[in-house]
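# Structure assessment
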There are 4 protein chains.
Amino acid sequence: MATQTEEFLRNHPRDVSGDIETLKTCVERLAACAQACLACADACLGERDVADLVRCIQLDLDCADVCTAAERVLTRRTAPDIQLHRILLETCVRYCQECARECDRHADMHDHCRLCADTCRLCEDACRQVLARVA
Amino acid sequence: MATQTEEFLRNHPRDVSGDIETLKTCVERLAACAQACLACADACLGERDVADLVRCIQLDLDCADVCTAAERVLTRRTAPDIQLHRILLETCVRYCQECARECDRHADMHDHCRLCADTCRLCEDACRQVLARVA
Amino acid sequence: MATQTEEFLRNHPRDVSGDIETLKTCVERLAACAQACLACADACLGERDVADLVRCIQLDLDCADVCTAAERVLTRRTAPDIQLHRILLETCVRYCQECARECDRHADMHDHCRLCADTCRLCEDACRQVLARVA
Amino acid sequence: MATQTEEFLRNHPRDVSGDIETLKTCVERLAACAQACLACADACLGERDVADLVRCIQLDLDCADVCTAAERVLTRRTAPDIQLHRILLETCVRYCQECARECDRHADMHDHCRLCADTCRLCEDACRQVLARVA
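First, a word on what this report is: a plain description of the structure on this page. Computed from a prediction, not measured in an experiment: that's the story for all the values here.

## Remarks on the relation of the copies chain B and chain A
- Take chain B, turn it by 180°, move it 0.0 Å along the axis, and it overlays chain A with an RMSD of 0.0 Å. Here the copies are linked by what is in effect a two-fold axis. The position closest to the rotation axis in chain B is occupied by the C-alpha of B:Ala31, lying 4.0 Å away.
- Most of the interface of chain B is mirrored in chain A, where 100% of its interface residues are also at the interface.

Below is the structure:
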């Protein structure tokens, strides 16, 4: 089923280069990752062992900021700059990796950390797909 | 099917008050609305008649900023302030209404404006549901 | 001395209505407030008594999101909608008030909370000035 | 004179490593750059020759998103990850360079493009200073 993101890409007045399927998956997963990171940071803040989750909260917030920036940049297709997209996606890959690694450390204790780690890895993979095929 | 947003709400360490279904729909539609507004602003920028779309682009960007703020605030459930949520959701309702109205004016010409207007109205409705039932 | 914000307002191609001085002060204080709230949230996260600062951290993050949205919206002068600006500034006033009140509770213990409360109040005042004179 | 950013850095509960002066200049210039890029994008939108400024508007918006993300990430000092900071600052350097280059092309015609190009270059320089001395 075509998602909203795909419909916008297909209705763009300028020819959206490359593989729309790969691109829309990446935009959607960047948005999902930012959401998951913010939700995980907030849930961590509500845990009794919040003092042990400080690095997790900070990486969640950092990863959310970087993924949100990338989601917004990749959404803009009117005059895209492929070289700039590449460096931004590579930055996302690194933040997602590190955030997933930190969340993994708490995944046995906290379901929100397990969910967040999974979402980060899906996002990392989607960024790599764009780097391999589109950007 | 439970979405990611719903899973995070259900796994939150503090008791998430009220109607989780209504809340998750609102968070998801706020995110979708911000995405649609940014995509519409960018598509408008790529149109030949961009000079006629200046107010549409500006309202798109404004509405995206307000919906993104609300999405992030509503995601935080650890110490929510219902009165503050209400005033923020009422603000969203107004931005979504006005953005939909402006996009409607270009909907015959541009599919992205039609899509964006529809998404704004779904978001407006979801904010009203939370105002009526939860916040 | 003219600040960067003032220079951009004075160089805008469309006639920026109303009192530029009041407007630029508001944009600058919204930016300063968002920055202070993010810095306070992070400093709270590094305190030994982080568990007592959970509501403060959440209000800081919420207030930062709302002020950032307002800063961005007020910066856009090409086709401003005064009624929408008013409702958004009134929302900011409420978030700044509540965030200042919470930070005040920790101001004796933590200088960052005292600084943040002061910055929220300056922002609240600047929003009220725009509501009274410009928007 | 100590700025607000510097006061927050000096009042942080954890030892802020490295050169606070260099760090605060970078955070302040990232914020100023994001502000300038948003103001320039909006002013471009109000120009008669908006159709010639489409790439400038898009790069402005992209650069603002990346600088805002970096400003927020660098503000968090509780558990900073230097390697991640480095890759994000290098990304900022690239966006600021490209945005300044595009704004330069319109600087004779539009003062806001000249102002924005200058602000991007100050930001680029501040990011490089952190890369050389702190991060």
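Next comes the rest of the description.
## Looking at the pattern of salt bridges
- For the structure on display, the rule yields 68 salt bridges over all chains.
- Between B:Asp81 and C:Arg55 there is a salt bridge; the shortest N-O distance is 3.4 Å. Of this pair, B:Asp81 sits in the loop between α3 (54-75) and α4 (82-104) while C:Arg55 sits in helix α3 (residues 54-75), which puts the two residues in different chains.
- On the basis of relative accessibility, which here comes to 16%, the residue B:Asp81 falls in the buried class.

## Things to note about the packing of helix α2 (residues 20-45) of chain D against helix α5 (residues 111-133) of chain D
Residue and element names in this part refer to chain D.
- Contact pair α2 / α5: the axes reach a minimum separation of 8 Å and the direction vectors enclose 155°. Between α2 and α5, the interaxial angle falls into the category roughly antiparallel. As for the relative orientation of α2 and α5, their crossing is left-handed in sense.
- Of the residues that constitute the contact of α2 with α5, the class distribution is 18 nonpolar, five polar and three charged.

## Description of the interface of chain A and chain C
- Taken residue by residue, the interface counts eight residues in chain A and eight residues in chain C.
- Note on chain A versus chain C: buried area summed over both sides is about 700 Å², and carbon and sulfur give 73% of it.
- Our enumeration of links across chain A and chain C arrives at zero salt bridges.
- One can count zero residue pairs in polar contact (both at pLDDT 80 or more) joining chain A with chain C.
- Looking at the side of chain A that touches chain C, the elements with two or more residues in it are α2 (20-45) and α3 (54-75) of chain A.
- In terms of residue count, α3(A) provides more of the side of chain A that touches chain C than any other element does, four residues in total.
- Here the residues of the side of chain A that touches chain C sort into five nonpolar, one polar and two charged.

## Observations concerning helix α3 (residues 54-75) of chain D
- In this model α3(D) runs 32 Å from its N-terminal to its C-terminal C-alpha over 22 residues, within 8% of the 32 Å that 1.5 Å per residue would give.
- Judged by how many residues are buried, α3(D) sits mostly within the fold: 21 of 22 residues are covered.

## Some thoughts on the interface of chain B and chain A
- Contact residues are listed per partner, giving 32 residues for chain B and 32 residues for chain A.
- A per-residue breakdown of the area chain B buries against chain A is headed by B:Phe8, B:Gln35 and B:Asp42, which together make up 23% of the total.
- Taken together, chain B and chain A are joined by zero salt bridges.
- Applying the counting criterion to the chain B and chain A interface returns 16 residue pairs in polar contact (both at pLDDT 80 or more).
- Looking at the side of chain B that touches chain A, the elements with two or more residues in it are α1 (4-10), α2 (20-45), α3 and α5 (111-133) of chain B.
- Residue contributions to the side of chain B that touches chain A peak at 10 residues, all from α2(B).

Conventions we followed
Residues numbered from 1 in each chain as written. Chains lettered and ligands numbered in written order. Predicted model: local features only at pLDDT ≥ 70, side-chain atom pairs only at ≥ 80, totals over all residues. Heavy atoms only, no water. Least-squares fit on C-alpha atoms with pLDDT ≥ 70 in both. Contact = heavy atoms within 4.5 Å. Salt bridge = Lys/Arg side-chain N within 4 Å of Asp/Glu carboxyl O. Helix = DSSP H or I, 4+ residues; strand = E, 2+ residues; numbered from the N terminus. Buried < 20%, exposed > 50% of the residue type's maximum accessible area, 1.4 Å probe, protein only. Axes fitted to C-alpha atoms, helices over the stretch in contact; angles between N-to-C directions. Parallel < 35°, antiparallel > 145°, perpendicular 65-115°, else oblique. Left-handed = near helix turned anticlockwise from the far one by under 90°. Nonpolar A, V, L, I, M, F, W, Y, C, P; charged D, E, K, R; others polar. Buried area = accessible area lost by both parts, 1.4 Å probe. Polar contact = N/O pair within 3.5 Å; in protein donor to acceptor, adjacent residues only side chain to side chain. Expected span 1.5 Å × (residues − 1).

So, to be careful, I would describe these as geometric facts and stop short of saying anything about function.
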